[in-house]
Amino acid sequence: MCVQSQAASSASLDALACGYCARVRSRKIFVIMHTFSELDTYGTFVDESAGDEPGRILLMSACIQLYPVWTQFTEDWQAVLDSPPTIRHFHMTEARSLTGQFAGWKSIERDLKVIALTDVIMRCKPHVVSCWLSRDAFDRTMRGAVPHDLRHAYFTCFQAIVQTVAEYQGIRGISTPADYIFDNQGDIGMEAQLWYAAMKDTASLQIRELMGSTPIFRDDKQMLPLQAADLIAWHKRRRKEYPGLDGEVAASLRVDGLPGAERNITDECLEGIARGISEVPHVQEFRDKPSLYQQMKQQLRKQQRRDRNKK
């Protein structure tokens, strides 16, 4: 193997591990079953934030940057987590409510930690693409129209964020598809993942070529860029809910200066999606009936409960 090929392979392996904290990365085992992506691939880390009031907004933010940049980001983020007072991982809802990792902290200590983490984000300079909708509007327009598996606002945001990132890349002249890493969502995430191929097939050729491979879901306690996406998603949702002066966002206010794009999935947009779904042949047959995947999952869990009860 030539020196250049060795360097390419090393960089590709680094890309696979770049988002993990040092403790996990040192023990991570990779089984390579496909050729590596190009070295200029963008890692796109996505997290969501949901509010209860006002408007019950669900917002997703995608943080986009080259893998070598994410590698340095991970080291810098871990260093801030480890600096006193130490936390094992970061969630913005815990920080703002002084619970979980922030239980017993003073507000000033919390704000200084958020400021330090925001410093890391600003040095990384990710592009941020955000999509949001009103869950109240979703319930009014979509829940009665879409198939059983899709009756969650998460899926609509999932579809919108992937398409919007592809559109944003196209506008910026980026021809390499992005790799998508989402925060773990349990069943909802797995179901969104199952629909990804259909989403890609129905997209325009230009968008389809930039959508890349099927997204993966990872634990944000181990995949550190997802913690940055969590901070940004919370911040941007809060800014939609309270657009005026708001002390809650002061420590993270600088992320508003990051480049990117936003998409509001409006009531009219949701109504258009609902109309389009209603015109799909035989869709009514699946409106109130779980998919085969859902039925199999339900049966598997019933069997697991029976097995536990026997012990």
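Sequence order sets the numbering: in each chain, residues are counted from 1 along the sequence as written. In view of the model being predicted, local features appear only for residues whose pLDDT reaches at least 70, and side-chain atom pairs are presented and counted only at 80 or more, with totals across whole chains, interfaces and linings using the full set of residues. With hydrogens and water excluded, all non-hydrogen atoms of the structure serve as input to the side-chain values.

(A) A look at the pattern of salt bridges. For this document, the term salt bridge refers to a Lys or Arg side-chain nitrogen within 4 Å of an Asp or Glu carboxyl oxygen. Here the structure, examined in full by the defined rule, presents 14 salt bridges. The partner of Arg263 in a salt bridge is Glu167, and the shortest N-O contact between them spans 2.6 Å. Note that Arg263 is positioned in strand 6 (residues 260–264) and Glu167 in helix 7 (residues 153–171), a separation of 96 residues in sequence. Between Glu241 and Arg237 there is a salt bridge, with its nearest N and O atoms 2.8 Å apart. Of this pair, Glu241 and Arg237 both sit in helix 11 (residues 224–241), four residues apart, which is roughly one turn of that helix. Runs of H or I in DSSP of at least four residues are treated as helices and runs of E of at least two as strands, each being numbered from the N terminus.

(B) Up close: the side chain of Ser252. Along the chain, Ser252 falls in the loop between helix 11 and strand 6. According to the relative accessible area criterion, Ser252 is buried, its value standing at 0%. Should any heavy atoms of two residues lie within 4.5 Å, those residues are considered in contact. Ignoring sequence-local partners within four residues, the contact set of Ser252 consists of Met92, Val114, Thr118, Leu231 and His235. Using a 1.4 Å probe on the protein chains alone, a residue whose accessible area is under 20% of its type maximum counts as buried, one over 50% counts as exposed, and one in between counts as partly exposed.

(C) Summary view of the nonpolar core. Grouped together as the largest cluster of nonpolar side chains are 42 residues, with contacts concentrated most on Phe158, Ile161 and Phe182. Counting residues per element, this core draws most heavily on helix 7, which supplies 11 residues. Setting aside residues no more than four positions away along its own chain, Phe182 makes contact with Val46, Met60, Tyr154, Phe158, Ile161, Val162, Pro215, Ile216, Phe217, Arg218 and Leu226. Working definition of a nonpolar core: buried Ala, Val, Leu, Ile, Met, Phe, Trp, Tyr and Cys residues. They are joined through side-chain atoms within 4.5 Å. In this structure, Met92, Trp105, Val128 and Leu224 belong to the second largest nonpolar core, which totals 34 residues.

(D) Focus on the sheet that holds strand 3 (residues 127–134). Only strands joined by at least two bridges in the DSSP assignment are considered to pair. With mixed pairing, the six strands of this open sheet are ordered in space as 5-4-1-2-3-6. The sheet is open, and its two edges are formed by strand 5 (216–218) and strand 6, each paired on a single side. Strand after strand, the sheet turns through a mean of 20° between neighbouring axes, direction not considered. Pairing of strand 1 (residues 42–50) with strand 4 (residues 179–183), which is carried by four bridges, proceeds in the parallel orientation. Bridge pairing in strand 4 places Phe45 opposite Ile181. In this description, a line fitted to the C-alpha atoms serves as the axis of each element, helices being fitted only across the stretch in contact, and the angle between N-to-C directions of two axes falls anywhere from 0 to 180 degrees. Packed onto the sheet, helix 3 (residues 67–82) meets strand 1, strand 2 (57–66) and strand 4 and runs at close to 105° relative to strand 2.

(E) A look at the pairing of strand 2. The buried fraction of strand 2 amounts to nine of the 10 residues, a majority that puts the element mostly inside the structure. Bridging between strand 1 and strand 2 involves nine bridges; their strand directions are antiparallel. Looking across to strand 2, one finds that Val46 is bridged to Ala62. Counting the residues that bridge the hairpin from strand 1 to strand 2 gives six residues, and of these Gly55 lies at a positive phi of roughly 85°. In terms of strand pairing, strand 2 meets strand 3 through eight bridges, oriented antiparallel. If you follow Ala62 over to strand 3, its bridge partner there is Val129.

(F) Quick look at the packing of aromatic side chains. Working definition: rings of Phe, Tyr and Trp (its six-membered ring) pair if their centres are within 6.5 Å, and the pair is stacked with planes under 30 degrees apart, edge-to-face with planes over 60 apart, and tilted otherwise. Taken as a whole, this structure holds 12 aromatic pairs when the rule is applied. On the basis of an interplanar angle of 15° and a centroid distance of 6.4 Å, the ring pair of Phe158 and Phe217 is categorised as stacked. Residue Phe158 is found in helix 7, and its partner Phe217 is found in strand 5; the two are separated by 59 residues along the sequence. Look at Phe158 and you get buried, because its relative accessible area is 0%. On the basis of relative accessibility, which here comes to 13%, the residue Phe217 falls in the buried class. Taken together, the aromatic side chains of Phe45, Trp70, Phe73, Trp77, Phe90, Phe102 and Trp105 make up a single cluster linked through ring pairs. Above the face of the Trp132 ring, Lys240 is positioned so that its terminal group lies 4.1 Å from the ring centre. Whether a charge sits over a ring comes down to the Lys NZ or Arg CZ being within 6 Å of the ring centre and within 35 degrees of the ring normal.

(G) Fine view of the packing of helix 3 against helix 11. Between helix 3 and helix 11, the least distance of the axes is 9 Å, while the angle of their chain directions is 75°. Here helix 3 is positioned roughly perpendicular relative to helix 11, judged by the angle of their axes. Contact residues: Trp70, Phe73, Thr74, Trp77, Gln78 and Leu81 in helix 3; Leu224, Pro225, Gln227, Ala228 and Leu231 in helix 11. For the contact of helix 3 with helix 11, a count of residues per class yields eight nonpolar, three polar and no charged. With respect to orientation, any angle under 35 degrees is reported as roughly parallel, any angle over 145 as roughly antiparallel, any angle of 65 to 115 as roughly perpendicular, and every other angle as oblique. Asp, Glu, Lys and Arg are counted as charged, while Ala, Val, Leu, Ile, Met, Phe, Trp, Tyr, Cys and Pro are counted as nonpolar; the rest, among them Gly, fall into the polar class.

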